[in-house]
Amino acid sequence: MVPSKETESMFHTEQQVGQYYTIPSAQLKKAFPNGLPRRFQMQIKTFNEACVMVRQPGLELISYLKRADYAKPALRYILFGEVGCGKTMSLCHTLHFCSTQGWLVLHVPDAHLWVKNCKELLPSSSRPTRLDQPIEASQWLKNFKITNEHFLSKQIKTTRRYIWTKRESTEEGRPLGEMVDHGMSRVKSSSDVVGALLRELRLQAGGATEDAFRLAVAVDGVNALWGKTSLKKEDKSPVSPDDLTLIHNLKKMLRNDWCGGAILTTLSQTGSLFKPRSAYLPTELLGEEGFDNMDPFVPIPVSNYSDKEFESCYLYYMDRNWLQHPHSRTEEGRKELLFLSSRNPSILERLCSFL
Amino acid sequence: MGAGLNTCLPASVKGSRVKYLLLQICVSSRVQVNKAARGPEKFSIEYIRKHAEEFEVGKRRLANMMGEDPETFTQQDVDRSIEYLFPSGLFEKKARPVMKHPELIFPKQTAAQWDKDGRPFHFLFYTGTPSFYSIMHDTFGKVLAIEKHQDQMRSKGALPQDSKQISLGGSRWLLKEELEEVLVENISDQDYSRFLQLMDKLLSLPFCALEEEFVQRFRKQLEIQSTKQEIPDVHCDENGRSYSQAQGRRKTATASVTLRDCGSGRVAVNGKDCLLYFPILQDREQIMFPLHFAGMLGRFDVQAHVEGGGRSAQAGALRLAIARALLSFVSTPAEVETIRQAGLLTADPRIKERQKPGQAGARKKYTWKKR
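Conventions adopted
Residues numbered from 1 in each chain as written. Chains lettered and ligands numbered in written order. Predicted model: local features only at pLDDT ≥ 70, side-chain atom pairs only at ≥ 80, totals over all residues. Heavy atoms only, no water. Helix = DSSP H or I, 4+ residues; strand = E, 2+ residues; numbered from the N terminus. Buried < 20%, exposed > 50% of the residue type's maximum accessible area, 1.4 Å probe, protein only. Contact = heavy atoms within 4.5 Å. Areas by Shrake-Rupley, 256 points an atom, 1.4 Å probe, with all protein chains shown as cover. Lys, Arg positive; Asp, Glu negative; His and termini not counted. Charge placed at Lys NZ, Arg CZ, Asp CG, Glu CD. pLDDT = per-residue confidence, 0-100. Pairing = 2+ DSSP bridges. Axes fitted to C-alpha atoms, helices over the stretch in contact; angles between N-to-C directions. Buried area = accessible area lost by both parts, 1.4 Å probe. Nonpolar A, V, L, I, M, F, W, Y, C, P; charged D, E, K, R; others polar. Disulfide = S-S within 2.5 Å. Expected span 1.5 Å × (residues − 1). 1 Å grid on protein atoms, 1.4 Å probe; cavity = no way out; pocket = protein on both sides within 12 Å on 5 of 7 lines; lining within 4 Å. Points joined across faces, edges and corners; volume = space filled by probe spheres on them. Phe/Tyr/Trp six-rings, centres within 6.5 Å; stacked < 30°, edge-to-face > 60°. Lys NZ or Arg CZ within 6 Å of the ring centre and 35° of its normal.

Colleague: Looking at this model, I keep getting lost on the overall build of chain B. Mind explaining?
Modeller: Broken down by element type, chain B carries 11 helices and 10 strands. Considering only C-alpha atoms, chain B reaches an extent of 100 × 90 × 65 Å along its principal axes. Burial statistics for chain B: of 371 residues in total, 31% are counted as buried. Contacts spanning at least 24 positions in sequence make up 64% of the contacts within chain B whose residues lie at least 6 apart. In the form shown here, chain B has an accessible surface area of approximately 26,100 Å², with 54% of it arising from carbon and sulfur atoms. Side-chain charges in chain B split into 56 positive and 45 negative, and the spacing between the mean points of these groups amounts to 12 Å.

Colleague: Looking at this structure, how should I read the confidence of the model for chain A?
Modeller: One rule of thumb: low pLDDT means the predicted coordinates there are not for detailed reading. On average, residues of chain A score 83 in pLDDT, and 94% of them reach the 70 mark or higher. Mean pLDDT values over the elements of chain A span from 74, in helix α6 (residues 149–155) of chain A, up to 90, in strand β11 (residues 298–302) of chain A.

Colleague: Hey, could you run me through the sheet that holds β11 of chain A in this one?
Modeller: Residues and elements named next belong to chain A. Pairing is parallel across the open sheet formed by 5 strands, whose spatial order is β4-β9-β10-β3-β11. The open sheet has two free edges, formed respectively by β4 (104–108) and β11, since each of these has just one partner strand. Each strand of the sheet is rotated relative to its neighbour by a mean of 15 degrees, with strand direction disregarded. The pairing of β4 with strand β9 (residues 215–220) spans 5 bridges and is classified as parallel. Across the sheet, residue V105 finds its bridge partner in β9, namely A216.

Colleague: Whenever I open this one, the interface of chain A and chain B confuses me. Can you help?
Modeller: How big an interface is tends to be expressed through the accessible area that disappears when the partners come together. Chain A puts 15 residues into the contact, and the matching count from chain B is 17 residues. Summed over both partners, the interface of chain A with chain B comes to about 1,400 Å²; 64% of that surface belongs to carbon and sulfur atoms. Top contributing element to the side of chain A that touches chain B by residue count: helix α12 (residues 331–341) of chain A, with 6 residues. A per-class count over the side of chain A that touches chain B returns 5 nonpolar, 4 polar and 6 charged.

Colleague: Just checking my understanding: could you explain the state of the cysteines for this structure?
Modeller: The bond known as a disulfide is covalent and runs between the sulfur atoms of two cysteines. Under the definition given, this model contains 0 disulfides over all chains. Looking at the unpaired C262 of chain B, the closest cysteine sulfur is the one in C236 of chain B, lying at 9.2 Å.

Colleague: Would you mind showing me how to read unusual backbone geometry here?
Modeller: Excluding glycine, a negative phi dihedral is what most residues carry, and trans is how most peptide bonds are arranged. Residue and element names in this part refer to chain A. A positive phi is found at N48, a non-glycine position, where the angle reads about 65 degrees. Here N48 shows up in the loop between α2 (38–47) and β2 (50–53). With a relative accessible area of 70%, N48 lands in the exposed category. Positive phi, normally seen in glycine, also occurs at F274, with a value near 60 degrees. Among the structural elements, F274 can be located in the loop between β10 (261–266) and α10 (282–294).

Colleague: I keep staring at helix α10 (residues 311–326) of chain B and nothing clicks. Help me out?
Modeller: Each α-helix turn comprises 3.6 residues. Residues three or four places apart therefore point the same way. With 16 residues, α10 of chain B extends 23 Å from end C-alpha to end C-alpha; this agrees with the ideal 22 Å at 1.5 Å per step. Counting buried residues in α10 of chain B gives 13 out of 16 residues, a clear majority hidden from the surface.

Colleague: Where do I start with empty space enclosed by the protein in this structure?
Modeller: All names here are of chain A. One pass over the full model with this rule turns up 4 cavities of 30 Å³ or more. Its volume calculated, the largest cavity comes out at about 100 Å³. Taken together, A31, P33, N34, G35, V105, H107, P109, W140, N143, F144, T147 and N148 make up the lining of the largest cavity. When residues of the lining of the largest cavity are traced back to their parent elements, those giving at least two are β4 and α5 (134–147).

Colleague: Help me understand the packing of aromatic side chains in this model?
Modeller: For any pair of aromatic rings, geometry is given as the distance between the ring centres together with the angle between the planes. Counted by the stated rule, this structure contains 18 aromatic pairs over all chains. Consider the rings of F47 of chain A and Y316 of chain A, whose centres lie 5.7 Å apart with planes at 80 degrees: the pair is edge-to-face. Pair noted here: F47 of chain A is in helix α2 and Y316 of chain A is in helix α11 (residues 307–319), with a separation of 269 residues, a long-range link. Here the aromatic rings of W140 of chain A and F144 of chain A are separated by 5.3 Å at their centres, their planes lie at 20 degrees, and the arrangement is stacked. Here W140 of chain A and its partner F144 of chain A are both found in helix α5, 4 residues apart, which amounts to about one turn of the helix. According to the relative accessible area criterion, W140 of chain A is buried, its value standing at 5%. Classification of F144 of chain A as buried rests on a relative accessible area of 3%. These aromatic residues form a ring-pair network of at least three members: Y20, F47, Y316, Y317 and W322 of chain A. Across from the ring centre of F274 of chain A, 5.0 Å away, lies the NZ or CZ of K228 of chain A, which sits over that ring. One Lys or Arg, R219 of chain B, reaches over the ring of W173 of chain B and ends 4.6 Å from the middle of that ring.

Put into structure tokens, the structure is as follows:
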């Protein structure tokens, strides 16, 4: 493994496929307060550095983003592949590129978290049929603020007046940061704040002014939006995703009727409800409704490690002294690891953590 | 049955006082005999010789019946023909119809042991087991003879270390049952252990090579198990890659595997990748074991089809099938022997134990109530 000398994602090319590059820790906390997979976060804590492998799907996505025309409506990209192939990691690689390029990043780390195990479901204040999720919404607003601090305080202003309750409202022309703070403090109206925020960003992305910004909407586990939920209303009737405010507003965001940005999504079977483990294609996981909604999109398949990438990962673990067992450092041990993990990144990582 | 007539008196008269008036006239032609007291059935030599002749004649007749040449009709052909003519559904193989030479069927018995005056032929007859004690006597005689020979050699000056030893590798002592069969009499466990001790004493002497022939009578040669192993053939498909196929079974699962050479170590089970079909690490380790043991991990492509059983049984069946298919790519018989000794070629005979009546499961009993 040769650590890539380019820490800037912008300059990664095909030659660097298989090499590792480090994300500086300052940028890490800012860009991904909650966005990385859990096991990768544990690895960062162990190794004291965030090393991401440059792989072909990430590079492909970045090249599309570089060449896209942002005057036209936003393009939708879907990363799909088998369980544990590296879809979320590729998405994070691309998002790091976007944040270094100065885009506004709207990152939903896992849409599945919004459709299951919700502790509090409040009936929405604005619309009677919808349900609010105050905890998730406020948590997300907090993370959003950390990621996009500089945008919120200076540039973007609200375009109209928002009334949250009888006594609270946000005037027109106020910076968006104020709205976000309001949502974080007044937890009850946080879901509505999220909806308003998304609307504002949609309207203002890619404008012609010099303080225009590009918007990257990244949703991990987008198939949660069209699946079923495991939530129940008070009368024990099941909740469909459209009944939830957060999901409804996010779906509006995913429609390609706005310009000046890109929509990056991944499919995920791991957190999905009621889907078999072998399902990984867009048709299987999105369902008919989801597929029709997301159509047209650019599919980007993510596969297991190639021989070169496997070699690189193995050398990285050896380099960091992660493989403690003496047998694993031999050629035979490497062949064993290759066979048992069958080149799947997550399985390889779990195997090596035993050793 | 003998005819028995009971004269019946009217009920009013029946009673204990008038029992002796009941007449019972029994005319029975058979005397009740206690057959167990006779001992085991004895077959005389003439009896067995007669049956042997009948067997030979019957064999020729059977050969003619089956349309084969009577001269070259072997015992295997006889067994085959009997199985064909008398098909039996019995599970116990020993209960099925059998046509064998009388010496194999009738238990061996000792010939007459005393002459017409009642004097026994063998000088050790009154020990009860004359052949066993005569062997012990002969062996000890040989021990003394060897010691005498050793003294002679020592007096001449020839060192005892120059003599050659009997090679005992590849053979074992006869078991107690086998010894009983040879001697045609029963011996106890203590007698058998004394026999082994005496034989070991004989072998510990330096010049025991003189009695090698005598000792080898009581040793059984062990054949190398791996020579019996069937190795599947290697075929060549249209691309030029050689492949071999084999089956394996475990519990209720059957697996059939095609091992292709010049591959990259990919395993496909029922069309799916090995990782998707066996998400548990233990199963994948089981499949890896034969390839890893032979050192051929990245060399083959495995295409497998497995059905039946559960997750662990399917993995075990695949492991056996892969090990069997590997044998055709393994170069030397010594390697085949190492694979056999690793236990990769033995089919696991364990199956689910049957539930017994009066119990909840195979071993679990119903609740025991003291009263």
